[in-house]
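# Structure at a glance
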Amino acid sequence: MRIPVYDAFTATPGGGNPAGVVLDAAHLTDGEMQRIAARLGFNESAFVTKNDAELRIRYFTPGHEVPLCGHATVAALTALSEAGMLPEGETFVTTGAGVLPMRITGGAHPTVTMTQTPYEEKPFTEDTAALLDAIGLTEADLDPALPIVYARTGLWTVLLPITTLAAFSRMRPDNRRFPEILKAMPRASVHPFTLETRDADCRMHGRHFSSPFSGTVEDRVTGTASGAMGGYYRKHVPGGKPGPLTLTVEQGHELGLDGRVTVHVPEKEADPIAISGTAVLRGYTETEL
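The present account deals with the structure reproduced in this document. As the structure is a prediction and not an experimental result, all values here were calculated from the model. (Residues numbered from 1 in each chain as written. Predicted model: local features only at pLDDT ≥ 70, side-chain atom pairs only at ≥ 80, totals over all residues. Heavy atoms only, no water.)

Looking now at the pattern of salt bridges. All told, the structure shown has 12 salt bridges when counted by the stated rule. With its nearest N and O atoms 3.5 Å apart, the salt bridge here joins lysine 235 to glutamate 121. Taken together, the positions of lysine 235 in helix 5 (residues 223–236) and glutamate 121 in strand 9 (residues 120–123) put the pair 114 residues apart, joining distant regions of the chain. Given a relative accessible area of 31%, lysine 235 falls into the partly exposed group. When the shortest N-O distance is used, the salt bridge between arginine 260 and aspartate 199 registers 2.9 Å. Pair noted here: arginine 260 is in strand 17 (residues 259–265) and aspartate 199 is in the loop between strand 12 (189–194) and strand 13 (204–206), with a separation of 61 residues, a long-range link. Residue aspartate 199 is classed as partly exposed on the basis of its relative accessible area of 22%. Taken together, the salt bridges that share partners define one network made up of Asp30, Arg58 and Glu65. (Salt bridge = Lys/Arg side-chain N within 4 Å of Asp/Glu carboxyl O. Helix = DSSP H or I, 4+ residues; strand = E, 2+ residues; numbered from the N terminus. Buried < 20%, exposed > 50% of the residue type's maximum accessible area, 1.4 Å probe, protein only.)

Shown next, in the form of structure tokens:
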């Protein structure tokens, strides 16, 4: 199979988060999709099945299937648009998180706007010091003004507020420890963030450390976690409550990247959050079933 690889949340090949995109996956079994994702080795790969009645995308990490993925959705819809398989405008995509509205705009260089699920959170009651130690930090790095929570707009992660941007270059994740610490949700990822940003036009800076079950260590630029950050910002950050709100999240700088995710936060918490971004073709990878 010759599989296109797209970098999402960037306009520069090699500068964003890569995802393999299989545009005609209807003939593949679950096991074949899992094997392809493992061989590609990206945080997620997207598998598209499309007929006149339904556009469906499934998402696989090297270790297992996940219900939703932001960067792989942006990659897949860009690939479909560039292949002439999906026109501009609104479409509905069936995912493991439900049927979600999406929009493609921008012609030859499309922007994808991806609606996610409404923001949800649950309190984090586990050992804070152990969690910080598992990513190479101490409690002195924690922002005491903001809560740690489990959060999702499609996929659960731990949102971990950090005081300074400088702490992000000191992070050294030991993902193997996450399940024993995250007793309430042992398969959750960990997403430290700070309100201190490199770019004055951005509101939040983040990194994303994968669950060890996924078979990867760090996600370069994260669409679903950025959506959750938007819901968190509206609920917990002073000045974040009046809405609707559009904010930009930056990610990837510690890995030599410059990823940007635009997050569209509705005024009401019960309404779904959306993200938008672009993707660019990096190249092609050949693999066998």
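Anyway, onward from the coordinates.
A few words on the nonpolar core. If you look at the biggest cluster of nonpolar residues, it comprises 49 residues, and the most contacted ones within it are Ile57, Leu77, Tyr119, Leu159 and Val263. For this core, the element with the most residues is helix 2 (residues 70–82), which contributes seven residues. (Core = buried A, V, L, I, M, F, W, Y, C linked by side-chain atoms within 4.5 Å.)

Before going further, it helps to spend a moment on the packing of aromatic side chains. Going through the model one piece at a time under the given rule, you end up with three aromatic pairs. Here phenylalanine 47 and phenylalanine 60 contribute two aromatic rings whose centre-to-centre distance is 5.5 Å and whose plane-to-plane angle is 85°, an arrangement assigned as edge-to-face. Taken together, the residues phenylalanine 47 in strand 3 (residues 45–50) and phenylalanine 60 in strand 4 (residues 55–60) connect sequence positions 13 residues apart. Summarising the aromatic geometry, the rings of phenylalanine 193 and tyrosine 232 are spaced 5.0 Å apart at their centres and angled 70° between planes, so their arrangement reads as edge-to-face. Of this pair, phenylalanine 193 sits in strand 12 while tyrosine 232 sits in helix 5; the two residues are 39 residues apart in sequence, bridging distant segments of the chain. The exposure class assigned to phenylalanine 193 is buried, which follows from its relative accessible area of 1%. Across from the ring centre of tyrosine 284, 3.9 Å away, lies the NZ or CZ of arginine 2, which sits over that ring. The ring of phenylalanine 213 carries arginine 187 above its face, with NZ or CZ at 4.1 Å from the centroid. (Phe/Tyr/Trp six-rings, centres within 6.5 Å; stacked < 30°, edge-to-face > 60°. Lys NZ or Arg CZ within 6 Å of the ring centre and 35° of its normal.)

Here we take up the environment of alanine 75. Within the secondary structure, alanine 75 sits in helix 2. Taking the C-alpha atoms as reference points, alanine 75 and glycine 20, separated by 55 residues in sequence, lie 8.1 Å from one another. When neighbours within four sequence positions are excluded, alanine 75 is seen to be in contact with Tyr6, Ala19, Val21 and Ala279. (Contact = heavy atoms within 4.5 Å.)

On to the layout of surface pockets. There is about 410 Å³ of room inside the largest pocket. In terms of lining, the largest pocket is formed by 30 residues, of which the most central are Val66, Leu155, Trp156, Arg187 and Ser189. Elements with a minimum of two residues in the lining of the largest pocket: strand 5 (65–66), helix 2 and helix 5. At three residues, helix 5 tops the list of elements feeding residues into the lining of the largest pocket. Counted by class, the lining of the largest pocket contains nine nonpolar, 16 polar and five charged residues. (1 Å grid on protein atoms, 1.4 Å probe; cavity = no way out; pocket = protein on both sides within 12 Å on 5 of 7 lines; lining within 4 Å. Points joined across faces, edges and corners; volume = space filled by probe spheres on them. Nonpolar A, V, L, I, M, F, W, Y, C, P; charged D, E, K, R; others polar.)

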